[in-house]
Protein chains: 2
Amino acid sequence: MAGSEFQLIQSYFSDPEQVERSDLILGIGDDCAIVSPKEQTHLAFSIDTLNSGVHFPHNTSAQAIAYKALAANLSDLAAMGAEPAWFTLSLTLPGDDKWDDEFREQWLKQFSQSLFSLAGEHNIQLIGGDTTRGSLSVTIQVCGYLEQGKSLKRSGAQVDDIIAVTGELGAASVGLDIVLGKKSAQYKSLSDDAKQQAVHALNYPQARIKEGLYLKEVAHSALDLSDGLLSDLGHILKASDVGAELQLEQLPLASALSCLDKQQAWEKAMTGGDDYELCFTLSEKAWLKTKQQFPHFVAIGKITAEKDLRLLEADGQEYKINAKGYDHFG
Amino acid sequence: MAGSEFQLIQSYFSDPEQVERSDLILGIGDDCAIVSPKEQTHLAFSIDTLNSGVHFPHNTSAQAIAYKALAANLSDLAAMGAEPAWFTLSLTLPGDDKWDDEFREQWLKQFSQSLFSLAGEHNIQLIGGDTTRGSLSVTIQVCGYLEQGKSLKRSGAQVDDIIAVTGELGAASVGLDIVLGKKSAQYKSLSDDAKQQAVHALNYPQARIKEGLYLKEVAHSALDLSDGLLSDLGHILKASDVGAELQLEQLPLASALSCLDKQQAWEKAMTGGDDYELCFTLSEKAWLKTKQQFPHFVAIGKITAEKDLRLLEADGQEYKINAKGYDHFG
């Protein structure tokens, strides 16, 4: 940890009200943090960086940046069926005129409050960090507990598995269009409330931790949807050496897509990024049980032995997609 | 892990020749990496970010950037007495004209070779990562094993402890001046070899892992010298609620300081950053034993009950320093 920024870390990231885990031995303030992992468990690690102007528009609020950076990482833990434990934060802040002492202080206050609020919800504790000068960027690494031998990998999908998702698709992608002022003609009929909801979905994604902990008992494979359903499902198919059929009429379309025609809505739901729902596969029997527990989960297709990904309309016709995969907005 | 950069990670960071640890369950390529920690141990975590133009000059080679980013993190493990185990990497690469496909490929090849070479020396394995577009920046988080109850904290220094360091001070700071073309009149009498050695000390710091593993048995406190002796020793004094006396004539001055007058050399050795030697405190008895094991370690002073930091010349006169603490070169 760089000593020169010690005070910055001390004042904003040593929140006395944050989670205090009993498996933490030494927190922020030394060369390393020390934890005492529970015996007989595995640990899951994930690291993600969000850069201003690439992963979020430059005018995004400090609250939203903090929330999204942690939520995106928590979502990776959820996708493995892991229980959140600790995280580290590396924060790079600009040194230009806009970022004077007052602005920086205000920004850090909003950022840290939002971060600790979400961390508290998931009982995950900030144990260390680094703050540097440069282009605005947030890197978070999370670590969580996994039951030995019970993890949700991408590679376990089996032929005839049901493919399902934990919630609606496409809202965040509409939110991004709205924030960037793109395709405004398309969204003219959306109410202001609906627009706000879409922007909220973009900035405050929900990490499906509880769902992942349940799914690790029953699902064969899973991942979280960050780059768009088609692109992400492709990883499961490749890792599992299988194919899939998706039933387009079954896609759970976010209400923000109601202003689009059917085909536009399908494409948005399949290629829009930042949904952070889980996509998983499991046996039909396990699916029926799961659907009772989580009625809002939606089956959208089946794993096939044939190794391509086919998109089917209600009449069984194959649908050819126009949109390209999502590759950040920059 | 962002899916869109999957291929980049696959091709450069899945080196089949890298370390293969038996405590790794699942490496790069899923939402999280999974490890199975040894029982009855603690884990130490540290995260550090190096930004181009702040922590290293823009013209630094890919090899040096990779080496230094990992070494600086390993040094934090060394400073706790930890044994390296796994690390994650978040790499942000520019998208401007200079960084065309050919340049990027060459850069990544050099970066990854240097990274894996150092990782191999310390038996630490890359288990996950993220690659994004933006200003050149490298964030590494390391994780290592600690014997339960045996860690080298900053807070354990005791009155009458010997203060010692694991090696010479000041070379990296001279190297930085040379790279930046600063104070060239001062360094005119240095041979080209000596200049190259100083630049090498800046770019390829040595993490004192072996030394830290030994010191955790005998030292009361320790940290690694990244910001400069005075600034870093200050953290030990503050955390331990003690003071110190340093004997300036005992400072182990790097040979690159030979071109400076005595006072300039002292100040460089005390305020120059990037040494990455360990500074530690221990009883006189433990020191005598330690010095037999590591004859090149050097005692430089004593911990005092009086809470200030006094710099003493050979005749016992107090020396007043001119230079300010190190706060990166940017």
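Keep in mind the model is a prediction, meaning the values are calculated, not measured.

Trainee: Go over the overall build of chain A with me, naming the residues and quoting the values.
Mentor: Of regular secondary structure, chain A possesses nine helices and twelve strands. Relative to the globule expectation of 20 Å for 330 residues, the C-alpha radius of gyration of chain A, 21 Å, shows essentially globular dimensions. Sorting the 330 residues of chain A into buried and exposed places 52% on the buried side.

Trainee: I'd like a rundown of the relation of the copies chain B and chain A, residues and numbers included.
Mentor: For the pair chain B and chain A, the relating rotation is 180 degrees, the translation along its axis is 0.0 Å, and the fit reaches an RMSD of 0.0 Å. Both copies of the chain, as the preceding transformation shows, are related through a two-fold rotation axis.

Trainee: Got a sec to walk through the sheet that holds strand S3 (residues 41-51) of chain B? Specific residues and values, please.
Mentor: Across the sheet, six strands lie side by side as S1(A)-S2(A)-S3(B)-S6(B)-S4(B)-S5(B); this open sheet has mixed pairing. This sheet does not close on itself; its edge strands, each paired only once, are strand S1 (24-26) of chain A together with strand S5 (125-133) of chain B. Each strand of the sheet is rotated relative to its neighbour by a mean of 20 degrees, with strand direction disregarded. Bridge count for strand S4 (residues 83-93) of chain B against S5(B) is eight bridges, and the pairing is parallel. Bridged to B:Leu93 within S5(B) is B:Arg133. Together, S3, S4 and strand S6 (137-147) of chain B form the strand contacts of helix H2 (residues 62-80) of chain B, whose direction differs from that of S6(B) by roughly 30 degrees.

Trainee: Help me get a handle on the interface of chain B and chain A, residues and values and all.
Mentor: Across the boundary between the two partners, chain B contributes 58 residues, which contact 58 residues of chain A. In terms of residue count, the dominant contributor to the side of chain B that touches chain A is S3(B) (nine residues). Of the pairings in the sheet, the one linking strand S2 (residues 33-35) of chain A to S3(B) comprises three bridges and is antiparallel in character. From the neighbouring strand, A:Ala33 faces S3(B), where its bridge partner is B:Phe45.

Trainee: I'd like to hear about the nonpolar core, residue by residue, with values.
Mentor: Counting 190 residues, the largest nonpolar core has A:Ala44, A:Cys279, B:Ala44 and B:Cys279 as its most contacted members. Beyond its immediate stretch of four places on either side in the chain, B:Ala44 contacts A:Cys32, A:Ala33, A:Ile34, B:Leu77, B:Met80, B:Ala82, B:Cys143, B:Gly144 and B:Leu146.

Trainee: I'd like a description of the environment of A:Asn322, backed by residues and values.
Mentor: Within the element layout of this structure, A:Asn322 appears in the segment after strand S12 (309-312). It is 17 Å that separates the C-alpha atoms of A:Asn322 and A:Glu245, two residues lying 77 residues apart in sequence.

Trainee: An account of unusual backbone geometry is requested, with residue identities and associated values reported.
Mentor: The phi dihedral of A:Asp160 is positive, around 80 degrees, even though this residue is not glycine. If you trace the backbone, A:Asp160 turns up in the loop between strand S6 (137-147) and strand S7 (162-165). A residue is classified by how many C-beta atoms lie within 10 Å of it, and A:Asp160, with 12 of them, is exposed. Even without glycine at this site, B:Asp274 takes up a positive phi of about 70 degrees.

Trainee: An account of the domain arrangement of chain A is needed here, citing residue identities and associated values.
Mentor: A common way to state how big an interface is: give the accessible area lost once the parts meet. Residues and elements named next belong to chain A. Domain boundaries in chain A define domain 1 (3-147) and domain 2 (162-312). Of note, the centres of domain 1 and domain 2, computed from C-alpha atoms alone, are 27 Å apart. With 18 residues of domain 1 at the interface, the matching set in domain 2 holds 19 residues. Listed by contribution, the elements that provide at least two residues to the side of domain 1 that touches domain 2 are helix H2 (62-80) and strand S4 (83-93). A per-element tally of the side of domain 1 that touches domain 2 places H2 first, with twelve residues. Here the side of domain 1 that touches domain 2 is composed, by residue class, of eleven nonpolar, four polar and three charged.

Trainee: Can you lay out helix H8 (residues 262-271) of chain A for me, pointing to particular residues and giving the numbers?
Mentor: Residues and elements named next belong to chain A. Most of H8 sits out of view: seven of its ten residues are buried. Those residues of H8 not exposed but buried are Ala265, Trp266, Glu267, Lys268, Ala269, Met270 and Thr271. Buried residues belonging to H8 abut helix H4 (171-180) and helix H7 (229-240).

Trainee: Tell me about the packing of H2(A) against helix H6 (residues 209-218) of chain A, residues and numbers included.
Mentor: Residues and elements named next belong to chain A. Where H2 contacts H6, the axes come no closer than 7 Å and their chain directions differ by 20 degrees. Our classification of the angle between H2 and H6 gives roughly parallel. Judged by the sense of rotation from one axis to the other, the crossing of H2 with H6 is left-handed. Along its contact with H2, which presents Leu74, Leu77, Ala78, Ala79 and Met80, the element H6 presents Ile209, Glu211 and Gly212. Of the residues belonging to the contact of H2 with H6, the class tally is six nonpolar, one polar and one charged.

The rules behind each value
- Residues numbered from 1 in each chain as written.
- Chains lettered and ligands numbered in written order.
- Predicted model: local features only at pLDDT ≥ 70, side-chain atom pairs only at ≥ 80, totals over all residues.
- Helix = DSSP H or I, 4+ residues; strand = E, 2+ residues; numbered from the N terminus.
- Rg over C-alpha atoms; globule rule 2.2 N^0.38 Å.
- Buried ≥ 20, exposed ≤ 12 C-beta atoms within 10 Å, placed from the backbone.
- Least-squares fit on C-alpha atoms with pLDDT ≥ 70 in both.
- Pairing = 2+ DSSP bridges.
- Axes fitted to C-alpha atoms, helices over the stretch in contact; angles between N-to-C directions.
- Contact = placed C-beta atoms within 7 Å.
- Core = buried A, V, L, I, M, F, W, Y, C linked by C-beta atoms within 7 Å.
- Domains from an automatic or database assignment.
- Nonpolar A, V, L, I, M, F, W, Y, C, P; charged D, E, K, R; others polar.
- Parallel < 35°, antiparallel > 145°, perpendicular 65-115°, else oblique.
- Left-handed = near helix turned anticlockwise from the far one by under 90°.

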